[in-house]
Amino acid sequence: NAGVTQTPKFQVLKTGQSMTLQCAQDMNHEYMSWYRQDPGMGLRLIHYSVGAGITDQGEVPNGYNVSRSTTEDFPLRLLSAAPSQTSVYFCASSSRDRTYFGPGTRLTVT
Amino acid sequence: AQSVTQLGSHVSVSEGALVLLRCNYSSSVPPYLFWYVQYPNQGLQLLLKYTSAATLVKGINGFEAEFKKSETSFHLTKPSAHMSDAAEYFCAVSTGSARQLTFGSGTQLTVLP
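Note that residues are indexed from 1 along each chain, following the sequence as it is written. For naming, the first written chain is A and the first written ligand is 1, with later ones following in the order written. Side-chain atom pairs in this predicted model are given and counted only at pLDDT of 80 or more, local residue features only at pLDDT of at least 70, and totals for whole chains, interfaces and linings cover all residues. Calculation of side-chain values draws on the structure's entire complement of heavy atoms; hydrogens and water are dropped beforehand.

Participant: Any chance you could explain the overall build of chain A here in plain terms?
Facilitator: Along its length, chain A carries 0 helices and 11 strands. The secondary structure listing takes helices from DSSP runs of H or I that are at least 4 residues long and strands from runs of E that are at least 2 residues long, numbered from the N terminus. For chain A, the sequential pattern of α-helices and β-strands runs β-β-β-β-β-β-β-β-β-β-β. Taken over the C-alpha atoms alone, chain A extends approximately 35 × 25 × 25 Å along its principal axes. Note on contacts: a residue pair is in contact if any heavy atoms of the two residues lie within 4.5 Å. Within chain A, contacts between residues separated by at least 24 positions form 51% of all contacts whose residues are at least 6 apart in sequence. The protein chains shown are the only cover counted for residues, whose accessible areas, like all others here, come from Shrake-Rupley with a 1.4 Å probe. About 5,100 Å² of surface is accessible on chain A, with carbon and sulfur atoms providing 50% of the total. Considering chain A, the positive charge centre built from 9 side chains and the negative charge centre built from 8 side chains are found 9 Å apart. Within this scheme the basic residues Lys and Arg register as positive and the acidic residues Asp and Glu register as negative, but His and the chain ends are omitted. Working definition for charges: the position is that of NZ of Lys, CZ of Arg, CG of Asp or CD of Glu.

Right, here's the structure in full:
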């Protein structure tokens, strides 16, 4: 039982490049979400999903895309990276009573 | 809409002293409230949660928090700080379940020898 896994742990991109942050969970949760963490701002919700095929926007969705084809996986896509997207990204998987976070991906955009 | 305010972005205490980290929330419906801890370069670990049962909630590592509806507060306390408590602490609120969390900006706790 691995919980929530994220890859990669670290990534450096140049402005304009695209990439996908991977997230998987093995707890059979319907609800999954992506947050970004920036100094002094806590964690802010980017996108979330309430089940396979259903996604919605959170507080800061611009520049990010998501899809949910299976219960287990919830990838986050950066379409054209910008320096403002330099951040630490956390994937989360939630039951009704508890949210479990992945270890995070530290992304730097130069 | 819901929001969380954590008073004090940095708190320093001496080892053995009381730890008090403040959290005030705003919610239009009865909230679920959480405290998470983040050690350097790690993910978030749940310390404790309030989900409308007992107002005094005990968590891991000797931490506890009290839900006070009249003050819209959920402050985190520990009677005696340990060096290993040094970390960043986040308060979070949600409505109806533990799913869609709104976080405070965090409090960095430093424990002095």
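Participant: Is there a simple way to think about the overall build of chain B in this case?
Facilitator: For chain B, the count of helices and strands is 0 helices and 12 strands. Reading the helices (α) and strands (β) of chain B from amino to carboxyl end gives β-β-β-β-β-β-β-β-β-β-β-β. To get the radius of gyration, use the C-alpha atoms; to get the globule rule, take the number of residues to the power 0.38 and multiply by 2.2 Å. Over its C-alpha atoms chain B spans a radius of gyration of 13 Å, differing by no more than 12% from the 13 Å that the globule rule assigns to 113 residues. Expressed along its principal axes, the backbone C-alpha trace of chain B runs to roughly 40 × 25 × 20 Å. Note on exposure labels: buried denotes an accessible area under 20% of the residue type's maximum, exposed denotes more than 50%, and partly exposed covers the range between, all computed with a 1.4 Å probe on protein chains only. Among the 113 residues that make up chain B, the fraction classed as buried is 44%.

Participant: Teacher, can you tell me more about the side chain of Ser49(A) here?
Facilitator: Residue and element names in this part refer to chain A. Counting through the fold element by element, Ser49 comes out in strand E5 (residues 43-51). Here a polar contact is taken to be a pair of N or O atoms separated by no more than 3.5 Å, where protein atoms must pair a possible hydrogen donor with a possible acceptor and residues adjacent in sequence count only if both atoms sit in side chains. Among the polar contacts made by the side chain of Ser49, one reaches the main-chain carbonyl oxygen of Gly51 at a distance of 3.0 Å. Within polar-contact distance, the side chain of Ser49 engages the side chain of Arg68 at 2.7 Å. With near-sequence residues (within four places) excluded, Ser49 lies in contact with Glu30, Tyr31, Met32, Ile54, Thr55, Arg68 and Phe74.

Participant: Sorry, what's going on with the state of the cysteines here?
Facilitator: One covalent bond between the sulfur atoms of two cysteine residues makes up a disulfide. Throughout, a disulfide means two cysteine sulfur atoms within 2.5 Å of one another. Considering all chains together, one arrives at 2 disulfides over all chains under this definition. Each sulfur of the disulfide joining Cys23(A) and Cys91(A) lies 1.8 Å from the other. Here the disulfide of Cys23(A) and Cys91(A) is left-handed, its torsion about the S-S bond being about -70 degrees. Placement of Cys23(A) in strand E3 (residues 19-25) and of Cys91(A) in strand E9 (residues 87-94) is noted, with a sequence separation of 68 residues between them. Accessibility expressed as a relative area gives 3% for Cys23(A), which makes it buried. Each sulfur of the disulfide joining Cys23(B) and Cys91(B) lies 2.0 Å from the other. Handedness of the Cys23(B)-Cys91(B) disulfide follows from its S-S torsion of about -60 degrees: it is left-handed. Placement of the pair is Cys23(B) in the loop between strand E3 (19-21) and strand E4 (24-26) and Cys91(B) in strand E10 (residues 87-95), with a sequence separation of 68 residues. With respect to burial, Cys23(B) and Cys91(B) carry one shared label: buried.

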